[in-house]
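Each chain, written out:
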Amino acid sequence: MPWSDIPAPYRRAAWLGGYALAAILAGSEIVILALALNPNVNADYRAYYIDRTTTCLNRDATGSYTLGQTVSFRSDGAKQAASIKVCGWSGSAGDGTHSLGETSRLRLEIPPLGHGLAATLQMAAVIRPPQITQRVVISVNGVRAHAVTLSGKEPRTISFVIPPAALGKADTLEIAFDYLDGIPPTPAASNIYKRSIKLVSFRLDAVEAD
Amino acid sequence: MALEDVVRPNAGGRSIAVAVAAVPLLFVVSGLAIRYAAFASVSEEPGFAAYARALCRWDCAWYIGISEQGYERFPIPNHSNVGRWGFFPLYPMLVAAIRIVFPFQTILVATITSIICSYAACLVAWPLLEKNMRAYVLYCAFLLSGPFSFHFTTFLTEPLFVLLTSCVFLALKRSSYLAAGISSALLSATRLVGVLVVFATVIQMFREHRQQGGSTLSFPRWVLGRPDLLVAILISPAGLFAYILFLYLTVGDGFAFLHVQRAFGRVAGNPLVFLCDGLSAVPTTGWLPTAPQWSALAAVTGLALSAVLVVRRQYGAALFCALCIILPLITNLASMVRYVVGLAPLTMLLAALLSASRLTYLAALALFLGACYFLTVAWTGGYLALV
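Fair warning: this is a prediction, and the values are worked out from it, not measured in the lab.

Remarks on the overall build of chain B
When its secondary structure is counted, chain B shows 19 helices and 0 strands. By the compact-globule yardstick of 21 Å for 387 residues, chain B fits well, its C-alpha radius of gyration being 21 Å. Its C-alpha atoms put chain B at 65 × 60 × 50 Å along the principal axes. Among the 387 residues that make up chain B, the fraction classed as buried is 50%.

Take a look at the structure:
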C-alpha cells in the first residue's frame, strides 16, 4: 500500500513507527557488522582462515607412538599414520602420503625420556620439470632440526638427531615440515594445494644423550 | 496447436488463469518424464527415490548436511577444514521445516519443494513477462523441462533464488517497496549475491522519484523523508545480517562464509584473466568445448544479456545480474553455468527474445526439451561444467 494511502489519523503513527523500525534495522546492522569485523576465534582459526599465514590448520590431535616403531604412510599403515597427522597431508596412498600446502605437521606422544632421539624418515620429492628438487626444513617443537634437499622420484632415507633443546621435558613431539619449493597444480591454484613430498615412513629411536 | 494458442487475445480471464497455471504444470510433468528417462538410461535402480538421489550432485550434499545436521562449530569434526558455513541457510532451513511435517527422506522432500518453488517462480514470472504467452511457455519450459532443469528441481538454492528474485522484481514493478524489501531479505539469506538486489530497489526508487519530477540531488532527501523506503532498503540485507550474527555466535566469525572459501581453494584474481583462461582451454580431442570453455561462455553470455537489459532500460535488473556474475568470477569460473541460468531476469529476457518469432519459439522449445535429456545424463555423470 502506498504511504499516502494510509488514513490521516494513522499516518503520523505509521511515520514514527517506520522511522523507529528503520533506526532499529540500521542500528542492528551496524552492531552485527562491528561484531563480524572483530571475530572471536582462536589463533589457529585466525592463521588459516583469516590471515592466511599458514596452509596447515592446527588441530587438537596427538597420536600414540612406541619408540623404535616404524609408522608406514602407505595404505597399509593408514590407521596409525592418521592418528599422528595433524594437517598438511592428503590421505595415505600406495606410494606414501602426499604433503598438501606449504607446511605439514605430525604430532605424537612420547614417553618420559632419559636419552636423546633420532628420527628416520623415508621421503620422496614431488617433481615437475624444470623443477626437480624440493627443499624441506624439519622442525621439532619449534626448534629447527634438519634441512634437506630432495631430488628424484625414488624415496630417500633421512636420519637426524633431534636437538636436545627441542625435547626438554616435553611429552609430545610436534614435527613440522616446511616446504620452500611446493608445486601448485595450476598457476592460479590456491597454495593449499601445493605438492612437495611423499612421506613413506617415519621412525624414532632412542640415542645416547650428550 | 501450439501452446500459446490456448490463450487467444479475446479469451476470458478465467481461461487465461487456467492456462497460466496449467502451462508450468505441463512442464513439471514433461520435465520429470524426460529427466527420469535420462536417469533410467544410466541407472539400474528404479524409483523416484533413486532418481532424486541420482540428481543430488555436487553442492546438493552440503545442503542435505545443513538440513539434517545444521552448521558445525569450530573445530570442524573429522579433522576437516571445510565447514558448511559457505552455504547459506534459508533453503535448507525451509526443507528442514517441511520435513518436520512430512517426515520423508530429505532429498525427496527437497526435490518436491524445489519443483514447487520453480512452479511458483513461473507463476510470478507471468506479469514480469508482460503476459506474453509465448515467452511464458518458453520460460516455463526452460525452468521445468529445459537443459538445466535439474538445477531447479533438486536440492540446490536455485529454485528458491529464482522464485525470490522474481518476487523482488514483481514487487518493484508494482512499486511495492516493502514487499520488495522483505523478498530481498529472504533472498540475501538464500545466497550471498542475493543481497545485491538492493541496488535494483534503489534504482527503481530513483526512477520513480525522477518520474515524479524530482531532481537527482533531491533523491537522498526524498528517500530520507519516506520511512517506508528507508525500511525497504534497510530490511533488504536482513537475511545476510542474521546469518552473520548466527555465525558470530556459533563459530566466532561472522564472515566465516567468506573465510571458509580458503578451504575450498578459492583464490581471488582478475575476472578477465579467468575468462581468457577459460575460453582458451581448447579441447585436446574432439570439437565439443571443454568445461572451462562452457563456464566462460556462460559468463560472457550472461554479461551480454545484462547489456541487453540496459538497452531495454531495465537498469536495476541489469546491474543485479552483472554483479551476480562478476562477483563469483573474481574467484574463478566454478559453477558459472549454474549461476547464470539461475538469474531470472536473464532467462526471462532470453525467453522474450526467443519468442519474438514463431520459428525461433518452436525451435527453442524443441531444443530445450531435447537438451534436457542429454544434459541430465551429463549432470548425473558429474560433468564439471554443470557443477
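As for the overall build of chain A
Scanning chain A for helices and strands turns up 4 helices and 11 strands. Here the C-alpha radius of gyration of chain A, 27 Å, is well above what a compact globule of 210 residues would show, namely 17 Å. With respect to the principal axes defined by its C-alpha atoms, chain A has extents near 95 × 45 × 30 Å. Per-residue burial over chain A gives 29% buried out of 210 residues. Counting only contacts in chain A whose residues sit at least 6 apart along the sequence, the fraction spanning at least 24 positions is 67%.

Topic: the pairing of strand β8 (residues 143-151) of chain A
Residues in a regular strand project their side chains so that they alternate between the two faces of the sheet. All names here are of chain A. Inspection of the sheet shows strand β7 (residues 133-140) paired to β8 by 8 bridges, in the antiparallel sense. When the sheet's bridge partners are listed, Val140 is paired in β8 with Val143. Hairpin remark: β7 followed by β8, antiparallel, with 2 residues in the connecting loop; positive phi at Asn141, about 50 degrees.

Digging into the interface of chain A and chain B
Accessible area lost upon the coming together of the parts serves often as the stated size of an interface. In this assembly, 29 residues from chain A lie in contact with 28 residues from chain B. Counting only elements with at least two residues in the side of chain A that touches chain B, the list comes to α1 (8-37) and α2 (43-50) of chain A. It is α1 of chain A that contributes the most residues to the side of chain A that touches chain B, 12 residues altogether. Each residue belonging to the side of chain A that touches chain B can be placed in one class, and the counts come to 21 nonpolar, 4 polar and 4 charged.

Observations regarding the environment of Ala378 of chain B
Residues and elements named next belong to chain B. Position of Ala378 relative to the elements: it lies in helix α19 (residues 358-380). What makes Ala378 partly exposed here is the crowd of 17 C-beta atoms within 10 Å. Sequence spacing of Ala378 and Ser149 is 229 residues, and the spatial spacing of their C-alpha atoms is 12 Å. Not counting the four nearest positions on each side in its chain, Ala378 is found in contact with Tyr383 and Leu386.

Let's talk about the domain arrangement of chain A
Each assigned domain of chain A is listed here: domain 1 (3-37) and domain 2 (57-207). Relative to domain 2 of chain A, the C-alpha centre of domain 1 of chain A lies at a distance of 58 Å.

What to know about the packing of helix α15 (residues 291-311) of chain B against helix α16 (residues 315-329) of chain B
All names here are of chain B. Following both chains from N to C, one finds α15 and α16 inclined at 160 degrees, their axes separated by 8 Å at the closest point. With respect to α16, the axis of α15 lies roughly antiparallel. Read as a crossing pair, α15 and α16 show a hand that is left-handed. Residues Ala299, Gly302, Leu303, Ser306, Leu309 and Val310 of α15 lie in contact with α16, whose contacting residues are Tyr315, Ala317, Ala318, Cys321, Ala322, Ile325 and Leu329. Counted by class, the contact of α15 with α16 contains 11 nonpolar, 2 polar and no charged residues.

Quick look at the sheet that holds β7 of chain A
All names here are of chain A. Taken in spatial order, the 5 strands of this open sheet run β2-β5-β10-β7-β8, and their pairing is antiparallel. The open sheet is flanked by β2 (85-87) and β8, the only strands paired with a single partner. When strand polarity is set aside, the average angle formed by the axes of neighbouring strands in this sheet is 25 degrees. In terms of strand pairing, β7 meets strand β10 (residues 172-179) through 5 bridges, oriented antiparallel. Within β10, the residue paired with Ser139 across the bridge is Ala176.

Comments concerning the pairing of strand β3 (residues 89-93) of chain A
All names here are of chain A. Where β3 lies against strand β4 (residues 96-99), 3 bridges are found, and the strand directions are antiparallel. When the sheet's bridge partners are listed, Ala93 is paired in β4 with Gly96. In this structure, the hairpin formed by β3 and β4 is closed by a connection of 2 residues.

Notes on the UniProt feature "transmembrane region" (unreviewed entry) in chain A
The feature "transmembrane region" (unreviewed entry), as annotated in UniProt, sits at residues 12-37 of chain A in this numbering. When the span residues 12-37 of chain A is considered, its composition is 100% helix and 0% strand, and the gap between its end C-alpha atoms is 37 Å.

Focus on the nonpolar core
Core analysis: the biggest nonpolar cluster contains 169 residues, and Leu138 and Tyr139 of chain B have the highest contact counts within it. For this core, the leading source of residues is helix α5 (residues 106-128) of chain B, giving 12 residues. Taken together, domain 1 (3-37) and domain 2 (57-207) of chain A each give at least three residues to this core, which thus spans both. Residue contacts for Tyr139 of chain B: discarding those within four places in its chain leaves Cys122, Ala125, Leu129, Thr347, Met348 and Ala351 of chain B.

Some details on the packing of helix α9 (residues 197-211) of chain B against helix α11 (residues 227-235) of chain B
Residue and element names in this part refer to chain B. The N-to-C vectors of α9 and α11 enclose an angle of 160 degrees; their axes lie 9 Å apart at closest approach. The orientation of α9 relative to α11 falls into the category roughly antiparallel. Classified by chirality, the crossing of α11 by α9 is left-handed. Where α9 abuts α11, its residues Val198, Thr201, Val202 and Met205 lie against Leu229, Ala232 and Ile233. Residue classes in the contact of α9 with α11 are distributed as 6 nonpolar, 1 polar and no charged.

Focus: helix α3 (residues 60-69) of chain B
Residues lying three or four places apart along an α-helix face the same way, a consequence of the helix completing one turn every 3.6 residues. Residues and elements named next belong to chain B. The complete set of buried residues in α3 reads Cys60, Tyr63, Ile66 and Ser67. Buried residues of α3, viewed axially, fall in a sector of 125 degrees; they line one side. In α3, the exposed positions angled more than 90 degrees off the buried face are occupied by Ala61, Glu68 and Gln69. The inward-facing, buried residues of α3 contact α4 (90-101) and α5.

So, how was this worked out
Residues numbered from 1 in each chain as written. Chains lettered and ligands numbered in written order. Predicted model: local features only at pLDDT ≥ 70, side-chain atom pairs only at ≥ 80, totals over all residues. Helix = DSSP H or I, 4+ residues; strand = E, 2+ residues; numbered from the N terminus. Rg over C-alpha atoms; globule rule 2.2 N^0.38 Å. Buried ≥ 20, exposed ≤ 12 C-beta atoms within 10 Å, placed from the backbone. Contact = placed C-beta atoms within 7 Å. Pairing = 2+ DSSP bridges. Nonpolar A, V, L, I, M, F, W, Y, C, P; charged D, E, K, R; others polar. Domains from an automatic or database assignment. Axes fitted to C-alpha atoms, helices over the stretch in contact; angles between N-to-C directions. Parallel < 35°, antiparallel > 145°, perpendicular 65-115°, else oblique. Left-handed = near helix turned anticlockwise from the far one by under 90°. UniProt positions renumbered as here; feature names shortened; annotations may be inferred. Core = buried A, V, L, I, M, F, W, Y, C linked by C-beta atoms within 7 Å. Arc of directions from axis to C-beta.

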